[in-house]
2 protein chains.
Amino acid sequence: MDPIRVISDYVRFPSVSTDPAFKQGMLGAQQYVANLLQEAGLAVEVVKTDLHPIVLARRTGPAEWPHVIIYGHYDVQPADPLALWQSPPFEPEVRDGRIYGRGAADNKGPHTVGILAVAKLLQRRPDLPLRITFLLEGEEEIGSPSFEPFLEKYRDELSEADFVLLSDTGSPSTDQIVVTTGLRGIAGFEIRLKGPRVDLHSGLHGGAVYNPIQALAEICASLHNPDGSVNIPGFYDGVARPEQWESEELKKLPLTEQSYREFLQVDSLYQQPGYTPIEATRYGPTLEFNGIGGGYQAEGSKTVIPSEVFAKVTCRLVPGQDAQNILEKISSAIRARAPKGVKVDIRVSQGNNAYHVCPPGKPNTPADQNPVLARAFAATVEAVTTAFGRPPLFLREGGSVPIIGDIKRVTGLDSLMIGLFTPDSNLHAPNENFEIAMIERGITAYEILLEKIAGSR
Amino acid sequence: MDPIRVISDYVRFPSVSTDPAFKQGMLGAQQYVANLLQEAGLAVEVVKTDLHPIVLARRTGPAEWPHVIIYGHYDVQPADPLALWQSPPFEPEVRDGRIYGRGAADNKGPHTVGILAVAKLLQRRPDLPLRITFLLEGEEEIGSPSFEPFLEKYRDELSEADFVLLSDTGSPSTDQIVVTTGLRGIAGFEIRLKGPRVDLHSGLHGGAVYNPIQALAEICASLHNPDGSVNIPGFYDGVARPEQWESEELKKLPLTEQSYREFLQVDSLYQQPGYTPIEATRYGPTLEFNGIGGGYQAEGSKTVIPSEVFAKVTCRLVPGQDAQNILEKISSAIRARAPKGVKVDIRVSQGNNAYHVCPPGKPNTPADQNPVLARAFAATVEAVTTAFGRPPLFLREGGSVPIIGDIKRVTGLDSLMIGLFTPDSNLHAPNENFEIAMIERGITAYEILLEKIAGSR
């Protein structure tokens, strides 16, 4: 099986989970990957959910065999704006050493790497003492609403596995792989303020009411201190500082403050005290404004005092912070800070804690409870070094993948995350692509890794 | 001529100046009002401009006759949203003692009151020793771009008049007329901030850059002091306090803080020190936010750090403040307050000073240079008292009518503004209407007023 053809054919199915118009594409992708897993030698079960089925594929075996769960998702983001694609999003094309197409990197390419590695390995070692469960969902891009109920339902079976292996994170390049050892949690909410019952003429009424935009600006401005820290009492309570080895590891990343500034095209970086800017994006908690709106926003001017305004905010959380607790602290601070004359409505949109796994063998690693995971981390170093020519870096990432926390909470399992897409892969954007060098090296690395986990190479 | 029919027929022409699709409506309204003026006994000249012509109509006479210019505009606002009109905007309908239709109150009804009063008066007094110039423009709703060039061109002729009479302001009801003695100036601008070159993923990059929404919120929050005053050095320099008689006059307005709060549906009013809330809307300067926008504003959440954000702001200015000077002070304060990491762009949209005329006979009136205007103010009290049963209030208004300042600057003429629409007239909104009682009483008042100005009743 030619990996480029296998991935290209998979990308051809427009499996956009958010849009009912793509029902056929969802079904096609699901059947395609189910077939791929069957050909690799696994027994496939399609688990119905309220929306898009989960593809569950098993290679069973004796209880003494190690058991790895490999996670991925067969759904993709919408492709628009279509006009910005150089080749059509669902007609994959190979250019400049990359497969271009929606879903190529997020996440069809990376989890196909796992499937093809398993297929090769089982062909070579039909007797391999390793239990493997593939778990491919179809709702990741819409927040995985069916995933937690699924975990609950299959809890007994899944909890018996040793750990979860996945590739849904990034690495800086095909020469430097990152193993993601943690993800930030997220606490999202919207602040809505209402002033007068309708938009008012700012000439006739200006000067007598608290302008809701002014009130919102004051509230938003109050959420940070001048030093860049978050100004919510108790926000930093229990925040775990990065370990010394984590700071050292981060310095090995091929990224300097200057190159980062140039990449972002800002004349100055800005971070809270106690972190370098690059540390702050991975190891520090944040409060970021994602959107703000109110009043007249079109061309020219319209002299109104708006009735309603809003801001959308998300905090990224680190180990030691509890999302619900943070949301309560922020809500009560905002309510206390809102001026008379405006009504405050705070709508929570999401709350998930950070996830963190400390790789065995690092300083301050907690006593290892999971020898198979410990072996897997060690094997990852060897597999990545062999396949990519350089050992991986072990870094926490700034983003949030809530399902990793769900898996930990429901089944108790930790995750080993190997980054296969790169900063140029254009995730969620036009011209998404997956590097062919990543496919080839990735299959080799997965093959070595899985064989080592089996413990009998 | 039945005034209701005359105004209804006028409203039937959809003279929307901003939309080229209404070219025929503009022409129809212009020809209709020109014809009306001719029938009233004036000599009509249609003055071409770059866009919509100005209708100039003259009743000439010996230089010793007083000379009044009556201003109005025959263009109207767009009618949308059409679905909210109870009867079609350009098919006028009489209901509940009002003529409903776009332009009925702004400004076709009010200036037709003037035309019909002149027609009646000249029929009764063909020998009336009064020069009258009507000046009806067709671009008021789009900012009067041709008006100042017109004033410059006709400066010599217009400057020889004694004053301008117009009805393009409001009164609280048909029982209480307000003569507007001043209008606030306006200084409008937009603040645009740019941070990183593109929207960033707030998980991967959050914590390392100055979020442009945060920067904008901090800048906007800095523009007021906690006591509600504007926090721009020099903003209040030279600000004229309302005269004692102006504060007394305002108390006669049928509006209390409680009824105002209930009308706006806010639990608290809010104003800068030194003014009551109702004074602040007419006699105080303001800085109001009209709009704000940036980042993700649609349903749900999208975790971005936006690249660009903006806020639209207008200040209302009082006598003693200079719009250009205020704009410069604000711009330099904002530039000084913007943090590193964001680029500031300030775009000025408009700048006009306040207008103020002190009615003769009031305390602290400057030595009267204009006996005809003095007679007109005195005649207004008598005319309004006779026609409406109660003397008018002399109040400044919070809105801005830049052409009044233009007239003063170019020709030196002051304006006498008699409010004929009411708060229920729905200007610029669906179901615009003009009260029939206002039409009848207004014609009577104008007739008495003009005859008194002629000085020979």
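Since the structure is predicted, the reported quantities are computational estimates derived from the model, not experimental observations.

Asks: Could you clarify how one ought to interpret the overall build of chain A in this entry?
Replies: Within chain A, the secondary structure is distributed over 13 helices and 18 strands. Computed over C-alpha atoms, the radius of gyration of chain A comes to 24 Å, within 12% of the 23 Å expected from 2.2 N^0.38 for 457 residues, which places it in the range of a compact globule. Along the longest, intermediate and shortest principal axes, the C-alpha atoms of chain A span 80 × 50 × 45 Å. Counting over 457 residues, chain A shows a buried share of 55%. Partitioning the intrachain contacts of chain A with sequence separation of at least 6 by distance along the chain shows that 78% fall at a separation of at least 24.

Asks: Please clarify how the packing of helix α2 (residues 23-40) of chain B against helix α3 (residues 104-124) of chain B should be interpreted in this entry.
Replies: All names here are of chain B. Between α2 and α3, the least distance of the axes is 9 Å, while the angle of their chain directions is 20 degrees. Relative to α3, α2 is oriented roughly parallel. Crossing handedness for the pair α2 and α3: left-handed. Residues L36, L37, E39 and A40 of α2 form the contact with α3, whose participating residues are I115, V118, A119 and L122. Partitioned by chemical class, the residues of the contact of α2 with α3 number seven nonpolar, no polar and one charged.

Asks: Explanation requested: the domain arrangement of chain A in the structure shown.
Replies: Much of the literature gives interface size as the accessible area that the parts lose upon coming together. All names here are of chain A. Assigned domains within chain A: domain 1 (3-183 + 355-454) and domain 2 (185-239 + 285-352). Each of domain 1 and domain 2 has a C-alpha centre, and the two are 37 Å apart. Domain 1 puts five residues into the contact, and the matching count from domain 2 is five residues. Taken together, the residues of the side of domain 1 that touches domain 2 break down into one nonpolar, four polar and no charged.

Asks: Can you help me understand the interface of chain A and chain B in this one?
Replies: The interface of chain A with chain B comprises 62 residues on the first partner and 62 residues on the second. Secondary structure elements with two or more residues in the side of chain A that touches chain B: α6 (212-221), α9 (277-283), β11 (286-295), β12 (304-305) and β13 (308-317) of chain A. Ranked by the residues each element gives to the side of chain A that touches chain B, the list is headed by β11 of chain A, at nine residues. Here the residues of the side of chain A that touches chain B sort into 22 nonpolar, 31 polar and nine charged. As judged from the five bridges shared by β11 of chain A and strand β11 (residues 286-295) of chain B, these two strands associate in the antiparallel manner. Residue pairing in the sheet places G291 of chain A in a bridge with G295 of chain B of β11 of chain B.

Asks: Can you help me understand the relation of the copies chain A and chain B in this one?
Replies: Taken together, a rotation about one axis and a shift along it account for how the two chain copies relate. Of the transformation placing chain A onto chain B, the axial shift is 0.1 Å and the rotation is 180 degrees, giving an RMSD of 0.1 Å. On the angle and the small slide along the axis, the relation comes out as a two-fold axis. Of the interface residues in chain A, 100% have counterparts in chain B that sit at the interface too, so the contact is made through matching surfaces.

Asks: So what exactly am I meant to see when it comes to the sheet that holds strand β4 (residues 93-95) of chain A here?
Replies: Strand pairs in the sheet, formed through backbone hydrogen bonds, run parallel or antiparallel to each other. Residue and element names in this part refer to chain A. Taken in spatial order, the three strands line up as β4-β5-β18 in an open sheet, and their pairing is antiparallel. Looking at strand neighbours, the two that pair on one side only are β4 and β18 (433-435), the edges of this open sheet. Adjacent strand axes in the sheet meet at a mean angle of 25 degrees, parallel and antiparallel pairs treated alike. Where β4 lies against strand β5 (residues 98-100), three bridges are found, and the strand directions are antiparallel. For R95, the partnering residue across the bridge sits in β5 and is R98. Strands β5 and β18 of the sheet are contacted by helix α13 (residues 436-454), whose axis makes an angle of about 55 degrees with β18.

What counts, and at which threshold
- The residue numbering used here restarts from 1 in each chain and proceeds along that chain's sequence as written.
- The lettering of chains begins at A and the numbering of ligands begins at 1, in the order of writing.
- Reporting of local features is limited, given that this is a predicted model, to residues whose pLDDT is at least 70; pairs of side-chain atoms are given and counted only at 80 or more, and all residues count toward the totals for whole chains, interfaces and linings.
- The secondary structure listing takes helices from DSSP runs of H or I that are at least 4 residues long and strands from runs of E that are at least 2 residues long, numbered from the N terminus.
- To get the radius of gyration, use the C-alpha atoms; to get the globule rule, take the number of residues to the power 0.38 and multiply by 2.2 Å.
- Residues with at least 20 neighbouring C-beta atoms inside 10 Å of their own are called buried, those with 12 or fewer are called exposed, and the rest are partly exposed, where every C-beta is derived from the backbone.
- Residues are treated as contacting if the C-beta atoms built from their backbones sit within 7 Å of each other.
- Whenever a helix is involved, its axis is fitted only over the stretch in contact; in every case the axis is a line through C-alpha atoms, and angles between N-to-C directions fall within 0 to 180 degrees.
- An angle below 35 degrees is treated as roughly parallel, one above 145 as roughly antiparallel, one from 65 to 115 as roughly perpendicular, and anything else as oblique.
- Should the near helix be turned anticlockwise from the far one by less than a right angle, the crossing is left-handed, and should it be turned clockwise, the crossing is right-handed.
- All amino acids are sorted into three groups, where Ala, Val, Leu, Ile, Met, Phe, Trp, Tyr, Cys and Pro are nonpolar, Asp, Glu, Lys and Arg are charged, and the leftover types, Gly among them, are polar.
- Start and end positions for the domains come from either an automated domain assignment or a database one.
- Following DSSP output, two strands are said to pair if at least two bridges run between them.
- Alignment of the copies relies on least squares applied to C-alpha atoms, considering only residues that score at least 70 for pLDDT in both.

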